[in-house]
Each structure stands twice: as structure tokens, then as C-alpha cells.
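An overview of the molecular structure
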Amino acid sequence: MAYEPERDSNFIRTIIEKDLEEGKNGGRVHTRFPPEPNGYLHIGHAKAILLNYSIAQDYKGKFNLRFDDTNPIKEEQEFVDSIIDDLHWLGVDWEDRLFFTSDSFELKYEFARRLIKAGRAYVCDLSPEEIREYRGTLTEPGTESPYRNRSVDENLELFERMRQGEFPDGSRVLRAKIDMASGNLNMRDPVLYRILHAKHHRTGDKWCIYPMYDFDHPFTDALEGITHSLCSIEYSDHRPLYDWVVENALELMPEVIKCRSRQIEFARFNMTYTVMSKRKLRCLVEEGHVSGWDDPRMPTIAGLRRRGVTPAAIASFMEEVGVARAESTVDLAMFEHFIRQDLEDKALRMMAVLHPLKVVITNWPEEKIELVELENMPGDEGAGTRQVPFGRELYIEQEDFMEEPPKKFYRLAPGREVRLKGAYIIRCEEVIKDAEGNITELRCTYDPQSKSGQDTSGKKVRGVIHWVSARHAARITVRLYDKLFIKENPEDEGEGDFIDYLNPESLVVLEDVPAEPALAEAAPGSRFQFLRKGFFYLDPVAAREGRIVYNRIVSLKDSWAKMKK
RNA sequence: UGGGGCGUAGCCAAGCGGUAAGGCACGGGACUUUGGAUCCUGGAUUCGUAGGUUCGAAUCCUACCGCCCCAGCCA
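Cut-offs and rules
- Residues numbered from 1 in each chain as written.
- Chains lettered and ligands numbered in written order.
- Predicted model: local features only at pLDDT ≥ 70, side-chain atom pairs only at ≥ 80, totals over all residues.
- Heavy atoms only, no water.
- 1 Å grid on protein atoms, 1.4 Å probe; cavity = no way out; pocket = protein on both sides within 12 Å on 5 of 7 lines; lining within 4 Å.
- Points joined across faces, edges and corners; volume = space filled by probe spheres on them.
- Nonpolar A, V, L, I, M, F, W, Y, C, P; charged D, E, K, R; others polar.
- Helix = DSSP H or I, 4+ residues; strand = E, 2+ residues; numbered from the N terminus.
- Expected span 1.5 Å × (residues − 1).
- Buried < 20%, exposed > 50% of the residue type's maximum accessible area, 1.4 Å probe, protein only.
- Contact = heavy atoms within 4.5 Å.
- Near = heavy atom within 4 Å.
- Polar contact = N/O pair within 3.5 Å; in protein donor to acceptor, adjacent residues only side chain to side chain.
- Domains from an automatic or database assignment.
- Patch = residues over 30% accessible without salt bridge, like charges linked within 9 Å, V, L, I, M, F, W, Y side chains within 5 Å.
- Areas by Shrake-Rupley, 256 points an atom, 1.4 Å probe, with all protein chains shown as cover.
- Salt bridge = Lys/Arg side-chain N within 4 Å of Asp/Glu carboxyl O.
- Lys, Arg positive; Asp, Glu negative; His and termini not counted.
- Charge placed at Lys NZ, Arg CZ, Asp CG, Glu CD.

Quick look at empty space enclosed by the protein
Empty space left among the atoms is revealed by rolling a probe the size of a water molecule over them. If you walk through the whole model with that rule in mind, you get four cavities of 30 Å³ or more. The volume enclosed by the largest cavity comes to roughly 250 Å³. Lining the largest cavity are 20 residues, with Met271, Arg297, Arg307, Leu332 and Phe335 positioned closest to its centre. Each residue belonging to the lining of the largest cavity can be placed in one class, and the counts come to 13 nonpolar, two polar and five charged. Of the pockets and cavities examined, the second largest cavity occupies roughly 60 Å³.

Quick look at helix H3 (residues 77-90)
Here H3 contains 14 residues, and its C-alpha end-to-end distance of 20 Å stays within 8% of the 20 Å for a straight helix at 1.5 Å per residue. Of all the residues in H3, the buried ones are Phe79, Val80, Ser82, Ile83, Ile84, Asp86, Leu87, Trp89 and Leu90. Residues of H3 that are buried sit in contact with strand S1 (30-33), helix H2 (43-58), strand S2 (62-67), strand S3 (98-100), helix H10 (301-307) and helix H11 (311-321). After H3 finishes, the residue Gly91 shows a positive phi value of roughly 90°.

What about the protein's contact with RNA strand B?
In the vicinity of RNA strand B lie 71 residues, with Tyr235, Arg349, Arg411, Ser452 and Ser559 positioned nearest. Backbone atoms, meaning sugar and phosphate, form 64% of the atoms of RNA strand B found within 4 Å of the protein. Separating a sugar or linking oxygen of RNA strand B from a backbone N or O atom of Gly183 is a distance of 3.3 Å. Taking Val323, its main chain carries an N or O atom lying 3.0 Å from a phosphate oxygen of RNA strand B. Elements with a minimum of two residues in the surface near RNA strand B: helix H5 (128-135), strand S6 (191-195), H11, helix H12 (332-344) and helix H14 (559-564). Counting residues per element, the surface near RNA strand B draws most heavily on H12, at five residues.

Here's the deal with the environment of Phe111
Within the element layout of this structure, Phe111 appears in helix H4 (residues 105-117). Exposure remark for Phe111: the relative accessible area of 0% places this residue in the buried category. Counting along the chain gives 142 residues from Phe111 to Met253, while the straight-line C-alpha distance between them is 6.6 Å.

Focus on the domain arrangement of chain A
Examined at the domain level, chain A breaks down into domain 1 (11-266), domain 2 (271-348 + 476-564) and domain 3 (354-465). The distance between the C-alpha centroids of domain 1 and domain 3 comes to 65 Å.

Focus: a positive patch on the surface
On the surface, Lys483, Lys557, Lys562 and Lys565 cluster together into a positively charged patch. As for its placement among the helices and strands, Lys557 is situated in the loop between strand S24 (549-555) and H14.

Here's the deal with the pattern of salt bridges
Where charged atoms from two side chains of opposite charge approach closely, those side chains can pair. On inspection of all chains with the given rule, the structure shows 57 salt bridges. Here Glu22 and Lys18 are joined by a salt bridge, their closest N and O atoms 3.1 Å apart. You can call Glu22 partly exposed: its relative accessible area is 45%. Note that Asp342 is salt-bridged to Lys346, the shortest N-O span being 2.5 Å. Connected through salt bridges with shared partners, the residues Lys18, Asp19, Glu22, Lys24 and Arg262 form a single ionic network.

Here it is in C-alpha cells:
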């Protein structure tokens, strides 16, 4: 039977299915996500995580979480914790297979020794600068290190002494003996181990030599039995070295190596109106352009979570984006579409008036309050209804009134009628202004025959607007988030800095927003659709401080706004 | 002027010798007590370009053009 026929095919699945057909790896599929704990995960990582995880699931395979912690200088426990949080939130499951590459440092040390014994690795005393010079250039071959032909015994002894801490950082390295003339610079006797007298977040001071990624990663994949090692395109050049390490591991460490792991590269994820590089994201945080790694404008997993985006939205988005080798930048609008699609039938409807304009219904009795019934989810009776108080004084959205309406404006205007959602049709009778000529209030009348659901007025109004009873309104804070940058590709075509393209309106905070009373009593982390405005998330972080703050996850599509352009 | 990749609609992306899937965006229409949602509907004579092979090419071959990555003791 075909695997998950509803999933789009992609070149990686094609490769895996072929491997399966050929009986490679005993029919096993085993993937992994190998983050370095040196920063926060972003949506690009989410693509890699979901890709690895979904492949493992679809082919009845396994998925590991493995921290690539080979560089103690950059790595911290804090990041291990945040990464684990993010993966849990995304909903992937590595069962009991949480690994650290540092767990197997001892095995890798032994592997290095065997490479030395096989004459395939040597200790090199060249300085970092010299190594660079000896490496040659893109167009010229390198030259062999004078230390390249040391005896096995000398190499073994020197390597042991490196481990014992006898040499300072940078004084010596262990190198693979491959080919200084290779067109691929990665094959010009790559460094396997370097001396680093640094405390490691897991192994402490046990080691002062640490393996390089190119040595560690393939070995660890093969050790864990990873059949398909997915990584991004820039590692393509490293594949020959990856294979070299795996083949040697298979030959020299057969007692522990589980399979001939295979590296497959795919294009990394980019999206318009944001940046993805760790450096730039850190800059945004450190220079205070955002409130932190979890600022809802950040493309970090933590930021998206705080914004109110759901893991399901991210997953369906990534599934539709697909996987390929071509460099690409996905349109933010596509992401927003999947966020809306996911929330459409999950988020209950509520009303809040973001930019209030007072309306007084002059023919409504002063003290009369009526409860009107509104659907929580139009089209889904199971979601029930709620009672919302309606009275003489209300708020409507400022933009739902125009003194001199253009054609096709279906909302309120002098002498015109509009329906208040779930309640009555009102007509604007008078516009009240202050001394400066600003509209401060609308005097309207309502039609008693027009009550929603039992309308006998015979009127047909085109516009339906949302409202909140002034007397009963809860007051909430609303954070309107928008794209972080005003430029599609902030890292591009700029003589200036990407910071110059920050969107000054990426966050607009609205205080004392009148809202349906229920919005003040919702559980932190709840998501709602504010009618005609967008999807909002009750920020759990603010809630802990006793504040009611709703983050706008994404706006609704607004065809009127589009028409105005 | 070394090596490795990539070029299918505005943006993603299937396709793997048999006559261009799908999604987003965009346009038109229907419906609508969210100008939301939903539902129809339109768009590549053409797959970077030019040749060639073939009854037949986005798919194979050749050449060219354009873009990306690589000279960390980072991952």
C-alpha cells in the first residue's frame, strides 16, 4: 500500500521509497533533528523538524532529538531547555531518544585513534593561519602540511597528549588525511579535533579537545542508526566528507556503527517580510527592537507561540510549502492563510471595538437592557450561543461610519441604515462633533421591528457591523501585530542595514478597548475571532501579571480595505 | 578560469519520454445578519535560452545564460 497518499510527493520521499524498495537499512527509516543549543529555534527549524518527524511517522520509522553540542564555547543549557520546549509544543515525539552528541565523545575519541592507526589522520602543528594558507584557494590546490606524514606512534602519542591538556588552544589539531588538491575544500585534510580548554554544558571539564561537526555528525548519525540524515543545502559540499566518515566508521568501528547513513540536503526555509539568520534575530533582541526571543513579531517558535499561532497551522503550512532543493522565499500571505484556515473553525466569535465611536440610540429607553443572542460559531450549532447585553449607548468601530461615504460603502453614514450584528437595524440621525470638528458621537434611532431573527421590518440592509454595549463593556488591551519589516526581503538590496526596514507599525497597542464581557473572563491562551477584525490570543504571559491582553494573531481578509486601494 | 547546487505562472511546488497537479496571491461571479467564511470560475500553447535526438521532450543529449553556496581550529 502506498504511504500517506494524501501527502505531496517530494524528492526526499522519492529517495526513501526507492531505498525501501531496494531493501536498504533492513527497511528501516530513522531520522533526527540535530540542533546546536546555541540559540532559539525559528520557523525555518520548524520546517526541518516537521519534515524529519513526518517522514519517520509516514514510513513507520523513528525520530531522534539530538543536540549537536560539539562547541562548548557557544552552547548553553538554557538553549537546550528552550529547544525541548519548542519541540514539545510543535507536537513531535522522540520517545526515549533524546541524545547529546557529547554523550559519545569517548567513542569518537576511539574512532579518531583508529583513524590514526589506519594512517588516515594525523596531528598537525600548523597554526590556524598557516592551515588557512596551506589550504589553498578556490582555484588553487592546497599544499600538504609538513606534519602530514608523522608516524602512527607519534600521532597517537600527540593526540593523547592533546587530550591530556598538555597543549594550549590552537596549537595543534587532528586532521584527516584526504586530498589537499581536491576541488572541494572540505576534503583538503579537514580538521577533526581542536583543542578547546572550555567548560562544556554537559561534560564539564572532562574534555579539552572537541570534535568538529564534520567528524562528529556523520559518526553520530551512523551510531544512532539514522538512515536518512536531512540537512540544508549548504552542506552539499560536505557530503563527500560525510560519506568518508561514515565509510571509515563502518570499517573501523563496526562493533558500534548501525548503518550507512545517508545525507540528503534540501533548501532552507525563507519567508517574506522577516529575517531568519540567528545573527539578525539576536540583533533584534539585543538592540531592543523587539521585547525578546518570544516577541510575537519574531519568526521564532517561541514568538509564534506567544503570538497565538497554533502548531497545526504551522504543520499544514509546511506541508503545503513542500520540500525542494531550489532556493525559495515563501510569501507571508501563504502563512497567514494557513493560520486563518486553522483558526476558522476553532476560534469562537466575539465582539470588541478596537477604535470606538459612541452611538446613542435616542429612541431606546434610558435604562432598558436587552440580552441578544449571538452564535459562537456561525454554521456550527454545536458551538452554541451566548447572550450579549444591548443598551442605549453603544460603541461601534470608527471606520464603520463615514460622513461622506464613497459608493460601495455599505456601512453607516448620515441618514443611512446598518444592522448591528445580532441586534437591530439603526439609522444615523445626527453627527455630534467637538470644537475641532472631530466626530465624537452618533445619534441614531433603531427600528423595533428589526430585531435579529424576528425581523418584520422588511428592510434590507447591506451592512452588518459589530458593536459593544458601553455600559457593559469590559476593557481590554489589544496588541495589533503586523509584519516586522516593510520590505519583502529585508536582507536584500540594501546599502543600509536591515534594521532600517523595520516596520514602525509592527506593534500598535490599544488600551481600554471595549469588548464583550466574556472576553475579560476567558482562560489565558484562549483564541477568539473578534468579528470582522481578526483572530486574537489571550496572552498568558500578561495574564500572569493580572492583565488582560489580546494579541492579534492575524487579521481577517478585508476586501473593503482592498477596494480602497 | 576550482568544486557543489538551482532555474516550471507574482510566490511556493508536482511532474522523471506520451502531450503542464495542487496551494497562496490575483481577476470574475454566486451566496452571506462577519465586505469574514463558503462555493463556482479565469490564467503557463508552455517549463532560463538555443540547438539536437525522438512519431512524441519540462522530462534525454549539447552548448550557452542567470542565480546561490564553499577558502571557521562554527554548526
